[in-house]
Amino acid sequence: MPFYRLHYSNRNQMNKQTKLTILFFCILKLTLHLIADSHSGFQSDEFLYIESGRHLAFGYMELPPMIGLLAFIQNLFHSHSVFVYHIFTHIAMLLIVIYVGKITVELGGKNIAVFITLFCLLIAPGFEGSQQPFEPYVFNQLFWVLCFYQLTRFIQHGNRKYLWYLALFTALFFLTKYDALFFAFGLLSLLFFGKTRVALIKGKYWQCLIISFLILLPNIIWQYVNDWPALQMFHRLYETQLDDLAGMNVLRDLFGSVNPIVSILMLPAFVFMFVNKRNKSLYLPLACSILLSVLFLAYSKGKAYYFFPIALTILPFCGIFWEGLLLPKRKWLLYPLSLILLIGAALIPFGIPVYSFPHYLNSVFKYSPKEKKNGRDVLPNQFQEYIAKEKWKTMMQQLQSVYDSLPENEKKNCLIWGRHYSQAGAVELFKDEYRLPNAFSYHGSFYTWAPTGKMPETVIAFCYNDVGDDFFYSFFEEVTPVRKIYSDYASIEGWVVQTIFICHKPKQSFDKMKELFKKRIFE
């Protein structure tokens, strides 16, 4: 039995109508993402995470080990399909929908609250976009929601098992993305209130901390052995991106990403969490937890999408707040509110590629904020997957042409050097289809997988134009540029052109290369 209960003791249960509401939004959301899969290629970073599944380890240069394990399972299908590599992404997305609904019910919401909450989730373009590719963002959101659900149950019911669940999911969160630190900081709110402090002590929280530490220990050891690459990466992020972020720009981006309509609906809910008296003993610790996470993330200069998991935990309060205004005498207001939310659904195509590329250019792109690169308007970064299929198909064909042009004696030991991890990752994914040799790189986690020993006499190398055509001259006696491939709508000016080189007579071994790039992994 729990060692304390709050002022209400009956656990909130989902009725059949609520389950059907959640099922409806799961089906609708999955349908949107499957349509997006049919219009998509791979985003650049996906190649890195797919390749991590071929090198299982207790950690990677950019991330903890969970993404590699998921990629390993997907790699068992031996497929190049976007759908196959989005299996876990779609599962995570559906679990987010389910558990956001469950949190709403756990907080006392009824069917209308669940409906409003999940409708808001559905029409937020930022959620849609971040939950589409095989990247850490969707798993970050999932574990934040799972942990928040267990935190809610622990505060509400005071049962020790929920403390253990909370500790376990938080540890797994850390093994998925280091953003778990922001959630863990929010757990300090449990120390602010007498009942939760008593619950922690009676639940023997120190045992949970010890077990969580033991779960994390292999990754901590891996970080130590590899000279703490996570810290190196964070330093590079602050040096190149985060230090220049303006708080107002982050708020503006967050307001649009969550959907202006949803953002406006959430504003009173944020206050409601703190002032609600009926469920104060549950809501206030949760609200303080959310606030601590927000403050720590804002202090750390997080980008707008770093706040998406926190927004997901505010949505249930949003649904409950508006349900309280509608019930019992204003149920008719649900119809105009639903119409307003339906209008907000017009922003979904700004989050994921639910339109074909020509229709997107004519119906969405012309209304998007414009940025000129190389003298022309470019696609937003989240829509680079529209051009990815053709981009990487063209690049693989050109690499195949260059490789086939080599004499047979040079082909034997030839390797491909991709300057950016996405380039090396693309070759590794498609090499069998295009009969290409293995690829290597010294960028990101590819550094740890680079070959050792003597370099072959011939290497095919390629890079984006942000590196410069003279980059490879430092490492070979002979460097000959042979192809230039242009990418329309490239989101980064330095990625407009990829150049392929044939390199002969290396000046050093692979072992020496690892020494040279030891401090250049995140360049």
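Quick notes on the rules
- Residues numbered from 1 in each chain as written.
- Predicted model: local features only at pLDDT ≥ 70, side-chain atom pairs only at ≥ 80, totals over all residues.
- Heavy atoms only, no water.
- Phe/Tyr/Trp six-rings, centres within 6.5 Å; stacked < 30°, edge-to-face > 60°.
- Helix = DSSP H or I, 4+ residues; strand = E, 2+ residues; numbered from the N terminus.
- Buried < 20%, exposed > 50% of the residue type's maximum accessible area, 1.4 Å probe, protein only.
- Lys NZ or Arg CZ within 6 Å of the ring centre and 35° of its normal.
- Pairing = 2+ DSSP bridges.
- Core = buried A, V, L, I, M, F, W, Y, C linked by side-chain atoms within 4.5 Å.
- Contact = heavy atoms within 4.5 Å.
- Axes fitted to C-alpha atoms, helices over the stretch in contact; angles between N-to-C directions.
- Parallel < 35°, antiparallel > 145°, perpendicular 65-115°, else oblique.
- Left-handed = near helix turned anticlockwise from the far one by under 90°.
- Nonpolar A, V, L, I, M, F, W, Y, C, P; charged D, E, K, R; others polar.
- Salt bridge = Lys/Arg side-chain N within 4 Å of Asp/Glu carboxyl O.

Draft legend 1. Up close: the packing of aromatic side chains. All told, the structure shown has 48 aromatic pairs when counted by the stated rule. Consider the rings of Phe475 and Phe517, whose centres lie 5.6 Å apart with planes at 35°: the pair is tilted. Residue Phe475 is found in the loop between strand 5 (458–464) and strand 6 (476–486), and its partner Phe517 is found in the segment after helix 23 (510–516); the two are separated by 42 residues along the sequence. Accessibility expressed as a relative area gives 6% for Phe475, which makes it buried. Among the aromatic residues, those joined into a cluster by ring pairs are Trp417, Phe440, Tyr442, Tyr447, Phe471, Phe472, Phe475, Phe476, Phe501, Phe510 and Phe517. Note that Lys102 overlies the ring of Tyr99, its terminal NZ or CZ placed 5.7 Å from the centroid. Taking the ring centre of Tyr403 as reference, the NZ or CZ of Lys411 above it sits at 5.5 Å.

Draft legend 2. Inspection of the pairing of strand 5 at higher detail. Of all seven residues making up strand 5, seven are buried, and the element is well covered by its neighbours. In strand 5, alternate side chains face the same way, and those of Thr458, Ile460, Phe462 and Tyr464 on one face and Val459, Ala461 and Cys463 on the other are all buried. Bridge count for strand 5 against strand 7 (residues 497–506) is seven bridges, and the pairing is antiparallel. The residue bridging Tyr464 from the neighbouring strand is Gln498, located in strand 7.

Draft legend 3. Seen up close, the nonpolar core. Membership of the largest hydrophobic core comes to 134 residues, with the highest contact counts inside it found for Leu121, Phe317, Trp392, Met396, Leu399, Phe430 and Ile460. No other element matches the 13 residues that helix 7 (residues 136–157) contributes to this core. Residues contacting Leu121, with those up to four places away along its chain left out, are Lys29, Ile96, Val97, Val100, Phe127, Glu128, Leu312 and Leu315. Ranked by size, the runner-up nonpolar core spans 24 residues in total, among them Met61, Val459, Phe475 and Phe522.

Draft legend 4. Fine view of the packing of helix 5 (residues 111–122) against helix 17 (residues 334–344). Taken N-terminus to C-terminus, the directions of helix 5 and helix 17 make an angle of 15°; their axes are 10 Å apart at the nearest point. Comparing their axes, helix 17 and helix 5 come out roughly parallel. By crossing handedness, the relation of helix 5 to helix 17 is classed as left-handed. Listed contacts from helix 17 to Ile112, Phe115, Ile116, Phe119 and Cys120 of helix 5 are Leu334, Leu337, Ser338, Leu341 and Leu342. Residues of the contact of helix 5 with helix 17, tallied by class, amount to nine nonpolar, one polar and no charged.

Draft legend 5. View of the sheet that holds strand 7. Sheet architecture is open: five strands sit in the order 4-3-5-7-6, paired in mixed fashion. Because the sheet does not close on itself, it has two edges, and the strands there are strand 4 (439–440) and strand 6. Against the sheet, helix 19 (residues 385–404) touches strand 5, strand 6 and strand 7, its axis set at about 30° to strand 7. Strand contacts of helix 21 (residues 421–434): strand 3 (415–418), strand 4, strand 5 and strand 7, with the helix running at about 125° to strand 5, the strand carrying the most contacts.

Draft legend 6. Layout of the environment of Tyr421. With respect to the secondary-structure elements, Tyr421 resides in helix 21. Sequence-wise, Tyr421 and Ser441 are 20 residues apart; in three dimensions their C-alpha atoms are separated by 6.3 Å. Excluding residues that lie within four positions of it along the chain, Tyr421 makes contacts with Ser44, Asp45, Leu48, Glu62, Ser441, His443, Gly444 and Phe446.

Draft legend 7. Fine view of the pattern of salt bridges. Inspection of every chain in the model, using the stated rule, returns 10 salt bridges. Here Glu408 and Lys411 are joined by a salt bridge, their closest N and O atoms 3.4 Å apart. Placement of both Glu408 and Lys411 in helix 20 (residues 408–411) is noted, with a separation of three residues, approximately one turn of the helix. Judged by relative accessible area, which is 59%, Glu408 ranks as exposed. Judged by relative accessible area, which is 14%, Lys411 ranks as buried. Of the charged contacts, one joins Glu478 and Lys505 as a salt bridge, the two residues approaching to 3.2 Å between their closest N and O atoms. Of this pair, Glu478 sits in strand 6 while Lys505 is found in strand 7, placing the two residues 27 residues apart along the sequence.

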